[in-house]
Amino acid sequence: MRANGRAAWRRWQSGWCCTRLRGSGHGGTRVLGGLRGSVPSVRPGSGALSHAVFSSQGFKEPAEAAEAEEVEQGPHTPGRGAARGKKRKAATPAPAPALQPVKLSRAELYKPPTNEELNQLKETEDLFHSSLLRLQIEELLKEVTLKETKKKKIDAFLHEINSLLSAIPETPETDITDQTWLPKGVKVPFLQVPFNVKGKFRFLPPDELSVVGSYLLGTCIKPEINVDVAVTMPREIFQDKDNLNQRYHRKRALYLAHIAQHLSKENLFGSVKFAYMNSNHLKPILLLRPQGKDEKLVTVRLHACPAPNFFKPSRFYPSKNNVRTAWFLEQSTPKEGAAEPATPHYNNSILCDTVLLSHLHFLSSVSTDFPGMKDGLALLKVWLNQRQLSKGLGCFSGFLVSMLVAYLVVKRKIVKVMSGYQVLRNVLQFLATTDLCVTGISLAKDTDTCLPALADFHHAFEVVFVDPSGLVNLCADMTASKYHQVQFEAKCSMEILDDRMVDGFQALLMTSKPMLRTFDHVFHLKHVSKLQSACKKMELLNELMDRGGNYVAAALPFIISLLTRGLARRALLVAHSLPETPEWAIDAEPPKHKDVGSLMFGILFAPEFAASKLEKGPQADRPEATDFRTFWGEKSELRRFQDGTICEAVVWEASTICQKRLIPEQIVRHLLKLHADIPESSICYTGALLESVIKNGKKVFPPVPMKPIYSFHKQVKIRHLLLPSEEKPCPAYITPLKIICHMEGSGQWPQDKEAIKRIKAAFHLQLAELLHQQHQLICRPAVTHTDVYKDGYVFRLQVAYHREPLILKEVVTPEGMLKYQDTEESQRLELEILHQPHLTSSLHGLQQQHPAFGSTCRLAKRWISAQLLSDNISEECVDLLVASLFLHPAPFTPPSSPQVGFLRFLNLLATYDWRNSPLIVNLNADLTDCLPPSFGPLRCPHPFELKSDSSTSGECGPASEVIFPGSGEEQQWSKDPLSCRGL
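The model shown is predicted, which means the values in this text are computed figures rather than measured ones.

Caption draft 1: Structural detail: the overall build of the chain. A tally of regular secondary structure across the chain gives 32 helices and 32 strands. In the chain, which comprises 983 residues, the proportion classed as buried is 48%. Of the roughly 50,000 Å² of accessible surface on the chain, 52% is carried by carbon and sulfur atoms.

Below you can see the structure in the form of structure tokens.
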């Protein structure tokens, strides 16, 4: 058995899991998770670019002789490869053949595994649910890792930038406000408000150029390759008090503007633009991209930083002030005796520029002899990118997650023998269990008592993560809401990784999570400029000074805390999008604070409290009652409850289910108007746009009660006649509601199928007669059913006998033998009287758990009908498709509103691999052992056994299958599936 297992594993490794495409000469790889990318072909001896060597001290020239890099393209010799390359240019390329398993000899197949193979098998058994997950991660890392040939081009580009920067001429010394020396084609990339500031500026060539960040560490990932270069400004351009009143920031901006003006004249660059680093208006950077086809290859970001040891660190402690109130308000003289507020965010922005090189050295020392750190960081960056958490003001950037991994290494929660997957799990586990808003962490050593304590950082910032210097808070711009979102995502990700029935690779690393599909309700703040009045209403002058006048960054934490308190019981999470400012041309004015676009807010509901009409406050005689009345304003009122208590309370107006779902909208609009002076016209609440579609009377289930006599006819009183109305000449149609009436089993039932039909018809006649006599109901009996009209509804009663499907399967052979086989009639009847009732019962239980399920189904059916697909896709099939979103929501949470459920339904139709994978809806968790755990309940059991001719042929046959476990076997609900063109 053990030998057979090794042989099977070797066949899997060498054959089925071989990802190199062979035979046609087109180099490429195929990723199991769905990504596709090409592998660049490099012929040995073709004169490829040599590596540029970098150090923290600057650029070094490459060695004159470098060994040729080996590129895996299958077994071939260099000479033959070159020859084949020449022939391919002339010949017409043949289509790539399908992937075929590699044939191994018996000796190779049963060869004992090597030590490396044994270690891989052991690690796979201990860490991964299956070997497929390991292979998927390895292929993903190959896709996102920067190739060596690309690195050589980037290195050459960096060397050319180095030579150009050293040749920029000096400028004479002028006042900071005297910017006439700048040409008209360049604007200062800084919002100079207020404009007047003291100080002198002159341009001198940089003292040092250093590559910092992920590129030098080898942790940058595709598709966006950013190379950060620190440009050290000479000490001679600074004065003693440049830490005050944005003097340093303006000198930094002028320095970059002069560099941009000279580099824009060079043909080397395809574009020279400005941008804000992580959308921080105090930190402009210069973006350089190469000319021609390599323009999308790399973006070099120039960061201007001060000379080492120029600023005293003690000036930038979180409790210090470096922005004077009189200067910010443009007052001639400061107020006597007024204390200056602390400016921690301003101080932190300057300190970040002083520690760029020290951070590089720290990360380099941690990553030495730790290959798993690079792989782990690549996986973490992909995880953050898919959740839209890695860009914008206050983001969880790649640099921040690198420092977090380094912290866990220093604290020995991660050891250097771990793989990239183990690094991913450990970081997610740490994020899920550690709240940096309450318990901050620090990389600084505890020996220096002069440095600020963690309590000082917690007093100044919402999220605290201190760097090795003990001075810089790496999470200074992050709001508590954004960190709680990261923490929530980490918790969900750990649950997915621990669940063997979920495809963790697809859910965590291959599925994007935009806010519209992640949160139950979403609303936009259209006019961001309204936050300026919100700052005045909430008296945020100190925060405005600290943020350099950025009213968006100043007001956002207070807006979020306001909404979090108002939606406390109803919401599991209240999050916001990250304000992101686009890059701009060097001859354009810098974007203003309002140019971040509309701010988006998302609310994730707790289903049991989301639709509550009551906000119960403290008792009237308690001190907290005053705060409750202040918070809710005129909405608060005294009420007596059934237990005899008199409490402050807020009751929201809502009578129907649709109106109750919109109670959070009432809360949001009321609180923003009351406390932030934001009018309702500036709020675009898109969380409930489809509520009007699912109301009664919109051609979706359930049907509207209808009385045809009074709705569609006019009564002639003289003769007691009914005439059709001119406005509604057609008779009314009421969709019948089917009811299956199972009769008791008895030996008196006949065993002939025709006799059973006649017995059922007699039952239908008798039911109609009894209902009319005893309950005065209008009944219309038929052979197959009886229609009953009551209160505007039509109920279709259908009698069922449990042995009838079996009798319909009886077939007599020519030899007189009786056998059982499925017929079209028996399958249809079995579906109607057995499987459909079982499915209805299961879906009813799902509706009890998730109140949004029914409304989501109605929206989905309405959309299917609008696309003229209702004849191809049955209602049961749509119900199961929607049920899969609630039963297997990973990486999301189950929808708590119809709109987000409908959006996920559309995304399922658009992105699911209908051609290769049946959709298996595991209701009631009936499927446990029938599917391999690596593929989960929504994956095809045997994806590698697909016939090669079916994927390469031009025909496009049936593609969709929806399977539901019922009645002891898997019931397929798409008997006549759509073709892939229809899907």
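Caption draft 2: Inspection of the sheet that holds strand S25 (residues 778-781) at higher detail. Across the sheet, which stays open at both edges, the four strands sit in the order S24-S27-S26-S25 with mixed pairing between neighbours. Looking at the sheet topology across the chains shown, the edges are occupied by strand S24 (737-742) and S25. Between one strand and the next, the sheet's axes are offset by a mean angle of 25°, whatever the strand orientation. Bridging between S24 and strand S27 (residues 793-800) involves six bridges; their strand directions are parallel. Within the sheet, the bridge partner assigned to Leu737 lies in S27 and is Phe795. Against the sheet, helix H26 (residues 753-775) touches S25, strand S26 (786-790) and S27, its axis set at about 140° to S27. Strand contacts of helix H28 (residues 824-849): S24 and S27, with the helix running at about 105° to S24, the strand carrying the most contacts.

Caption draft 3: Geometry of the pairing of strand S9 (residues 269-276). Along S9, six of the eight residues are buried, which leaves the element largely enclosed by surrounding structure. The pairing of S9 with strand S10 (residues 284-290) spans seven bridges and is classified as antiparallel. By the bridge assignment for S10, Phe274 is matched with Leu286. Relative to strand S16 (residues 584-585), S9 is paired through two bridges, and the arrangement is antiparallel.

Caption draft 4: Up close: the state of the cysteines. Counting across every chain of the model gives zero disulfides. Free of any disulfide, Cys437 has its nearest cysteine sulfur in Cys475, 8.9 Å distant. Judged by its relative accessible area of 18%, Cys437 is buried.

Caption draft 5: Molecular detail of a positive patch on the surface. The grouping of Lys198, Lys241, Lys312, Arg315 and Arg324 at the surface amounts to a positive patch. Tracing the backbone shows Arg324 in the loop between strand S11 (299-305) and helix H9 (325-328).

Caption draft 6: Spotlight on the side chain of Asp879. Looking at the element boundaries, Asp879 is found in helix H30 (residues 875-887). For Asp879, a relative accessible area of 12% gives the class buried.

Caption draft 7: Representation of the packing of H28 against H30 within the structure. One way to put it is that H28 packs onto H30 with a least axis distance of 11 Å and a crossing angle of 35°. You can see that H28 and H30 cross each other, and the crossing is left-handed. Contacts from Gln836, Leu839, Leu843 and Leu846 in H28 reach Glu876, Asp879, Leu880, Ala883, Phe886 and Leu887 in H30. Partitioning the contact of H28 with H30 into residue classes produces seven nonpolar, one polar and two charged.

Caption draft 8: Region of interest: unusual backbone geometry. Cis geometry is found at the peptide bond from Val193 to Pro194, where omega equals -5°. The residue Pro194 is located in the loop between strand S5 (174-175) and strand S6 (200-201) in this model. Ala890 connects to Pro891 through a cis peptide bond whose omega is 5°. Following the sequence through the fold, Pro891 ends up in the loop between H30 and helix H31 (898-911). With a phi angle near 55°, Gln388 is a residue other than glycine that sits in the positive phi range. Here Gln388 lies in the loop between helix H12 (371-386) and helix H13 (398-410). Of the residues examined, Gln388 reaches a relative accessible area of 46% and is grouped as partly exposed.

Caption draft 9: Inspection of the pairing of S11 at higher detail. Burial of S11 is extensive: seven of the seven residues sit out of reach of the surface. With seven bridges connecting them, strand S8 (residues 226-232) and S11 associate as parallel partners. Following the sheet pairing, Val231 is matched in S11 by Ala304. Sheet topology note: the S10/S11 ladder contains three bridges and is antiparallel. Its bridge partner being in S11, Leu288 is matched across the sheet by Val300.

Caption draft 10: Broad picture of empty space enclosed by the protein. This structure, assessed with the given rule, holds six cavities of 30 Å³ or more. What the second largest cavity holds in volume is close to 60 Å³. Every residue along the wall of the second largest cavity is listed here: Leu393, Asp477, Thr479, Arg547, Ala553, Leu556, Pro557, His576 and Pro579. No other element matches helix H21 (residues 551-566), which puts three residues into the lining of the second largest cavity. Looking at the lining of the second largest cavity, its residues break down into five nonpolar, two polar and two charged. Counting contributing residues per domain, the lining of the second largest cavity is built from domain 2 (370-513) and domain 3 (515-613 + 653-688), each supplying no fewer than three.

Caption draft 11: H21, seen in detail. Taking 1.5 Å per residue, 16 residues should reach 22 Å; H21 reaches 22 Å between its end C-alpha atoms and fits that length. Within H21, 12 of the 16 residues are buried, which leaves it mostly tucked inside the rest of the structure. Along H21, the residues that are buried comprise Tyr551, Val552, Ala553, Ala554, Ala555, Leu556, Pro557, Ile559, Ile560, Leu562, Leu563 and Gly566.

Caption draft 12: Up close: the packing of helix H29 (residues 852-866) against H30. Where H29 meets H30, the axes come as close as 9 Å, and the angle between the chain directions of the two elements is 130°. In terms of axis orientation, H29 runs oblique to H30. At the point where H29 passes H30, the crossing takes the right-handed sense. Where H29 abuts H30, its residues Ala852, Phe853, Thr856, Cys857, Ala860, Lys861 and Ile864 lie against Glu875, Val878, Asp879, Val882, Ala883 and Phe886. For the contact of H29 with H30, a count of residues per class yields nine nonpolar, one polar and three charged.

Caption draft 13: Region of interest: the side chain of Gln485. Within the secondary structure, Gln485 is located in helix H16 (residues 480-498). Accessibility expressed as a relative area gives 5% for Gln485, which makes it buried. Here Gln485 is in contact with Leu389, Phe519, Leu573, Ala575 and His576, once residues within four sequence places are set aside.

Caption draft 14: How the structure looks around H29. A rise of 1.5 Å per residue sets the reference length of H29, with its 15 residues, at 21 Å; its end C-alpha atoms lie 21 Å apart and thus fit the reference within 8%. Listing the buried residues of H29 in full gives Ala852, Phe853, Ser855, Thr856, Cys857, Arg858, Leu859, Ala860, Lys861 and Ile864. On its buried side, H29 packs onto helix H23 (657-661), H28, H30 and H31. Leu868 lies just past H29 and shows a positive phi near 60°.

Basis of the calculations
Within each chain, residues carry numbers counting from 1 in the order of the written sequence. In keeping with the predicted nature of the model, local features appear solely for residues at pLDDT of at least 70, side-chain atom pairs appear and are counted solely at 80 or more, and the whole-chain, interface and lining totals rest on all residues. Heavy atoms from the whole structure form the basis of all side-chain values; hydrogens and water molecules are not counted. By definition, any uninterrupted DSSP run of H or I lasting at least four residues is a helix, any uninterrupted run of E lasting at least two residues is a strand, and each is numbered from the N terminus. Here's how the labels work: a residue is buried when its accessible area is under 20% of the maximum for its type, exposed when over 50%, partly exposed in between, all with a 1.4 Å probe on protein chains only. Accessibility throughout is a Shrake-Rupley quantity obtained with a 1.4 Å probe, and a residue counts as covered only by protein chains that appear here. A pair of strands is treated as paired once DSSP finds two or more bridges between them. Only the stretch in contact is used when fitting a helix axis, every axis being a line fitted to C-alpha atoms; angles between N-to-C directions are given from 0 to 180 degrees. We call two residues in contact when some of their heavy atoms are within 4.5 Å. Note that a disulfide, as used here, is simply two cysteine sulfur atoms within 2.5 Å. Each patch is built from residues that are more than 30% exposed by relative accessible area and take part in no salt bridge. Like charges join if they lie within 9 Å; nonpolar side chains (Val, Leu, Ile, Met, Phe, Trp, Tyr) join within 5 Å. Whenever a carboxyl oxygen of Asp or Glu lies within 4 Å of a side-chain nitrogen of Lys or Arg, that contact is scored as a salt bridge. Note on charges: Lys and Arg go in the positive column, Asp and Glu in the negative column, and His and the chain ends are not counted at all. Charged groups are reduced to one reference atom each: NZ for lysine, CZ for arginine, CG for aspartic acid, CD for glutamic acid. Handedness of a crossing is defined here by the sense of rotation of the near helix relative to the far one, left-handed for an anticlockwise turn of less than a right angle and right-handed for a clockwise turn. Side-chain classes are defined by residue name, with Ala, Val, Leu, Ile, Met, Phe, Trp, Tyr, Cys and Pro counting as nonpolar, Asp, Glu, Lys and Arg as charged, and the others, Gly among them, as polar. Grid points spaced at 1 Å over the protein atoms alone were grouped into cavities, where a 1.4 Å probe fits but cannot get out, and pockets, open sets with protein on both sides within 12 Å along at least five of seven lines, with lining residues defined by an atom within 4 Å of a point. Grid points are joined across faces, edges and corners, and a volume is the space filled by probe spheres set on the points. What marks off one domain from the next here is an automatic or database domain assignment. Helix span is expected to be 1.5 Å times the residue number reduced by one. Angle categories: roughly parallel below 35 degrees, roughly antiparallel above 145, roughly perpendicular from 65 to 115, and oblique for all the rest.

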